[in-house]
Amino acid sequence: MHSALWLFPKLAAVVFAVAGFNFFLDAGPLAKLLGDWVTGRNANRVMGVFSILAAVLLAVPQLRLWGVAVAAFVLCGTTVMLLERRKYAYAMPGILLLGTLPFSLVAT
């Protein structure tokens, strides 16, 4: 039976790349919320850079462990901030993605 685990790191890399570019370009509702709460555009750019870094590291099999670590850092920080401000609907995708990250480590 063929395992579909190979798909997890690739999908996670795509999700982080899209999110990273949205943060970096100050687009999307989450980027606007973060900009309002923290320091504005600079916080979004930092989140964008870390998200894009996570996407690149997740895409390279030899660096996938580092990608999962950076992705978990980004997701934990964002999720805690959203939950603290009672934005539960915005936090749910991050929680679900955080739950799937370990599957990226066992993918071949």
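### So, the side chain of Thr79
Working step 1: Here Thr79 lies in helix H4 (residues 64–84).
Working step 2: Beyond its immediate chain neighbours, meaning those up to four positions away, Thr79 contacts Ala91, Gly94 and Ile95.

### Some details on the packing of helix H1 (residues 7–24) against helix H5 (residues 88–106)
Working step 1: For the pair H1 and H5, interaxial distance at closest approach is 8 Å and the crossing angle is 135 degrees. When the axis of H1 is compared with that of H5, the two are oblique. As for the relative orientation of H1 and H5, their crossing is left-handed in sense. Contacts from Phe8, Pro9, Ala12, Val15 and Phe16 in H1 reach Leu97, Thr100, Phe103 and Ser104 in H5.

### Topic: the environment of Ala59
Working step 1: The topology assignment puts Ala59 in helix H3 (residues 41–59).
Working step 2: Distance from Ala59 to Ser104, taken between C-alpha atoms, is 9.9 Å for residues 45 residues apart in sequence.
Working step 3: Other than its neighbours up to four places away in sequence, Ala59 contacts Ala13 and Arg64.

Calculation notes
- Residues numbered from 1 in each chain as written.
- Predicted model: local features only at pLDDT ≥ 70, side-chain atom pairs only at ≥ 80, totals over all residues.
- Heavy atoms only, no water.
- Helix = DSSP H or I, 4+ residues; strand = E, 2+ residues; numbered from the N terminus.
- Contact = heavy atoms within 4.5 Å.
- Axes fitted to C-alpha atoms, helices over the stretch in contact; angles between N-to-C directions.
- Parallel < 35°, antiparallel > 145°, perpendicular 65-115°, else oblique.
- Left-handed = near helix turned anticlockwise from the far one by under 90°.

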